[in-house]
Amino acid sequence: MALAEAASLDIRNGFAQYNARFRAVTQRAKLRFETRDFASARMDAVERIDLYDICVRVTTQRLETLLRERVRNHALWQQIRRSFAELIAPLLDQELNKTFYNTLTRRFFRTHGVDAGIEFVALDIEPTDRITHPVARHSYAVWGHLPRICQRILGDYSFAVPYAHMGLCALRIAEALTQRLADWGTDAGGANPVRAIELLETVFYRERRAYLVGRIFGVDRTAPLVIALVNEDAGLRVDAVLSDRAHVAQVFGYTRSYFQADLATVGDAIVFLRTLLPYKPIDELYTVLGRAKQGKTERYRHFFRHLGANREERFVHADGERGMVMAVFSLPSYALVFKLIRDKFAFPKESVRAEVMQKYTMVFRHDRAGRLVDAQEFRWLRFPRAQFAPALLEELLTSCSETAQLDGDDLVIAHCYVERRMRPLNLYLREADADAALRAVVDYGQAIRDLAASNIFPGDLLLKNFGVTGHSRVIFYDYDELCLVSECRFRELPDDDGNGSEAFYVGPLDVFPEQFPRFLGMDESQRQALLEAHADIFTVRWWQDLQQAFAAGQLVDVPPYSEQVRLKAQTFDFIAGQ
């Protein structure tokens, strides 16, 4: 028993060390924002992603030294589990500790599925429901002049950089809220629909922006409130005010890089964020805060609870064209897809499994610019064999035999990627009304533009490789040919040599932008809408100019929200210049 207690203490200390290092990296975000050192901020984001595996590896080595020949003794690990549960019981973030513990057991035992004897498995509960601890926040009663309250809010968050004009920023926040919440009713003076404001004490940082995150209260309703700050030559400025759940959901979406938010504890912040975004899955909230492993735990928990409650439903091929690299399936009632790398790729694909996995790793560590879906990597998932449609099961066992194998009444999948399900763009354009289809086509062009700004070239621009989200945004999700813009060679098509021959050498990274619109399968109205909005992305010059900007160290800004929520910068520029 003493050995089990020593091991459980070592595991708790291992997570505590990881958490301390996680927070140390996160705390740099404020300085990065103040000094506009966005290149270092990107390196910090990658460093923080890598920390989990580093700390797991260190803890694994310590346990091997401590437990020696009993390191894979199942009975001992049952004792360790009980001791560890008692040790972490007082902690608010005990779920994060449990996930760290489970990672260790799975690496020691190479568990296929789950082992309830030594792992923490709770498919039937919502762990955050027991958290009543209030997250640290600023609260403001609004009974008087709203601009004055907004100025007080800005003043409560200290930065080493001054505002270019704090008073004007406060006025613009108040104006935006008054206009957007006009249907909330007004106070006795007939002007103010807001009664109170709550904002988390923690500032959220990502890429070039800092965010104040909270909620606003009216007489009988609430709404989220996110204030986005930018740091410019003249000083700090409020760039956007978001009070619509759809807009806030995009900022906290699964197509964005993770926030740097220095939270002393995470569970209480998740509880608060769920009041802002009640329809967003809890796994995505954990993930967007940088707690990707906990996000995977919550996604597993919720999906397998749903699967167990719907035992008559069958997994089927995901909608869309069958991929040459991936086999993709889903459960129709649940908004996830499972993607397995095929054993062999059909011509003309030349990639190998390791290269495809490398592409997904690159996306995981890259700025996704709101246009790349976050793919979570899972290993050794166990599913009931009976819940697979026969045609799907046959395909998985034949074309994905390296990763999908039968084990009794179960199908065990050794490796897959799990993503949010979207409607393939090629199908969406056939199904949507004409106006919605045109909007999607224009946003498809914007998606290419946004990806390029983050130094990503999708490689294969066919519509089947893009999806449409529930918020009607076009997202790229097929990564096997993805590469960096800076690595490509953008070329003009050569002129015909006069003999009718158009043969010429094409290298593996050669790209011919003027060819893009020819193979997209759009009707003429859609093609024209795309060209009217984004004709420049089909020219070599546009891509080469972008490459030159990257070579010069310039970063292209891709705001994570629409123009309609931004505050017009020219007014600030005019005041700051006086």
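Residues numbered from 1 in each chain as written. Predicted model: local features only at pLDDT ≥ 70, side-chain atom pairs only at ≥ 80, totals over all residues. Heavy atoms only, no water.

J.: Summarise the overall build of the protein; cite the residues concerned and give the values.
T.: Looking only at helices and strands, the protein has 18 helices and 21 strands in total. Once the C-alpha set of the protein is aligned to its principal axes, its extents read approximately 80 × 75 × 45 Å. Looking at the 578 residues of the protein, the share that counts as buried comes to 53%. Residue pairs in contact within the protein that sit at least 24 positions apart in sequence constitute 69% of those at least 6 positions apart. Here the protein holds 73 positive side-chain charges and 77 negative ones, and the gap between their average locations is 5 Å. (Helix = DSSP H or I, 4+ residues; strand = E, 2+ residues; numbered from the N terminus. Buried < 20%, exposed > 50% of the residue type's maximum accessible area, 1.4 Å probe, protein only. Contact = heavy atoms within 4.5 Å. Lys, Arg positive; Asp, Glu negative; His and termini not counted. Charge placed at Lys NZ, Arg CZ, Asp CG, Glu CD.)

J.: Go over the pattern of salt bridges with me, naming the residues and quoting the values.
T.: Scanning the model with the defined rule gives 46 salt bridges in all. For arginine 23, the salt bridge goes to aspartate 262, with nearest N and O atoms at 2.7 Å. Placement of the pair is arginine 23 in helix α1 (residues 2-26) and aspartate 262 in the loop between α8 (245-251) and α9 (267-276), with a sequence separation of 239 residues. Given a relative accessible area of 24%, aspartate 262 falls into the partly exposed group. Of the charged contacts in the structure, one is a salt bridge between arginine 209 and aspartate 239, with a shortest N-O distance of 3.5 Å. Of the two residues, arginine 209 sits in strand β4 (residues 209-217) while aspartate 239 sits in strand β6 (residues 235-242), which places them 30 residues apart along the sequence. (Salt bridge = Lys/Arg side-chain N within 4 Å of Asp/Glu carboxyl O.)

J.: If you had to explain the packing of aromatic side chains to someone new, which residues and values would you point to?
T.: Summed over the entire model, instances satisfying the criterion amount to 44 aromatic pairs. Measuring from ring centre to ring centre gives 5.5 Å for phenylalanine 457 and tryptophan 543, while their planes differ by 90 degrees; the resulting arrangement is edge-to-face. A residue pair is termed long-range when its members are at least 10 positions apart, and phenylalanine 457 in strand β16 (residues 456-457) and tryptophan 543 in helix α17 (residues 540-551) qualify at 86 residues. A residue is classified by how much of its surface remains accessible, and phenylalanine 457, at 2% relative accessible area, is buried. (Phe/Tyr/Trp six-rings, centres within 6.5 Å; stacked < 30°, edge-to-face > 60°.)

J.: Which residues make up helix α7 (residues 166-180), and what values do they have?
T.: Here α7 contains 15 residues, and its C-alpha end-to-end distance of 21 Å stays within 8% of the 21 Å for a straight helix at 1.5 Å per residue. For α7, the full list of buried residues reads Leu168, Cys169, Ala170, Arg172, Ile173, Ala174, Ala176 and Leu177. (Expected span 1.5 Å × (residues − 1).)

J.: Tell me what's going on with the sheet that holds strand β11 (residues 381-384), and back it up with residues and numbers.
T.: Across the sheet, which stays open at both edges, the three strands sit in the order β11-β13-β12 with antiparallel pairing between neighbours. Sheet topology places β11 and β12 (404-407) at the edges, where each strand pairs with a single neighbour. Across the sheet, the mean angle from the axis of one strand to that of its neighbour is 30 degrees, orientation sign disregarded. As paired elements, β11 and strand β13 (residues 410-413) share four bridges and run antiparallel to each other. Its bridge partner being in β13, leucine 381 is matched across the sheet by isoleucine 413. (Pairing = 2+ DSSP bridges. Axes fitted to C-alpha atoms, helices over the stretch in contact; angles between N-to-C directions.)

J.: Please provide a residue-by-residue account of the environment of valine 135, values included.
T.: For valine 135, the location among the structural elements is in the loop between α5 (94-109) and β1 (137-141). A sequence separation of 400 residues divides valine 135 from alanine 535, and the C-alpha atoms of the two residues are 48 Å apart.

J.: So what's going on with unusual backbone geometry? Residues and values would help.
T.: Notably, arginine 36 is not glycine yet its phi reads approximately 55 degrees, a positive angle. Mapping arginine 36 onto the fold places it in the loop between α2 (28-35) and α3 (38-67). Despite not being glycine, serine 472 shows a phi value in the positive range, around 65 degrees. Turning to its location among the elements, serine 472 is positioned in the loop between β17 (466-468) and β18 (474-476).

J.: Which residues make up the sheet that holds β18, and what values go with them?
T.: One open sheet accounts for three strands, arranged β15-β17-β18; its pairing is antiparallel. Two strands lie at the open edges of the sheet, namely β15 (423-424) and β18, each paired on one side alone. With three bridges connecting them, β17 and β18 associate as antiparallel partners. What sits directly across from glycine 467, in β18, is isoleucine 475. Across the sheet, helix α15 (residues 434-453) is in contact with β17 and β18; its angle to β18 comes to roughly 45 degrees.

J.: Can you explain the state of the cysteines? Please cite residues and give values.
T.: Counted according to the given criterion, the structure contains zero disulfides. Cysteine cysteine 416 remains unbridged, with the sulfur of cysteine 400 as its closest cysteine sulfur at 10 Å. Here cysteine 488 is not disulfide-linked; the sulfur of cysteine 483 is the nearest cysteine sulfur, at 3.4 Å. (Disulfide = S-S within 2.5 Å.)

J.: How would you explain the environment of aspartate 374 if you had to name every residue and give the values?
T.: Locating aspartate 374 in the fold gives a position in the loop between α12 (353-365) and β10 (376-378). In the structure, aspartate 374 is positioned 45 residues away from glutamate 419 in sequence and 6.5 Å away in space, judged by C-alpha atoms. Once residues within four sequence positions are removed from consideration, aspartate 374 is found in contact with Tyr254, Tyr258, Thr287, Phe364, Arg368, Val418 and Glu419. Among the polar contacts made by the side chain of aspartate 374, one reaches the side chain of tyrosine 258 at a distance of 3.1 Å. (Polar contact = N/O pair within 3.5 Å; in protein donor to acceptor, adjacent residues only side chain to side chain.)

J.: I'd like to hear about the nonpolar core, residue by residue, with values.
T.: Ile11, Trp77, Ile80, Phe204, Tyr211 and Phe252 are the most contacted members of the largest nonpolar core, which totals 56 residues. Ranked by residue count, the leading element in this core is α1, at seven residues. Counting residues in hydrophobic clusters, the runner-up holds 54 residues, among them Ala375, Phe476, Phe490 and Phe550. (Core = buried A, V, L, I, M, F, W, Y, C linked by side-chain atoms within 4.5 Å.)

J.: Go over the side chain of lysine 98, please, and point to the residues and values.
T.: As for its placement among the helices and strands, lysine 98 is situated in helix α5. By relative accessible area, lysine 98 is classed as buried at 16%.

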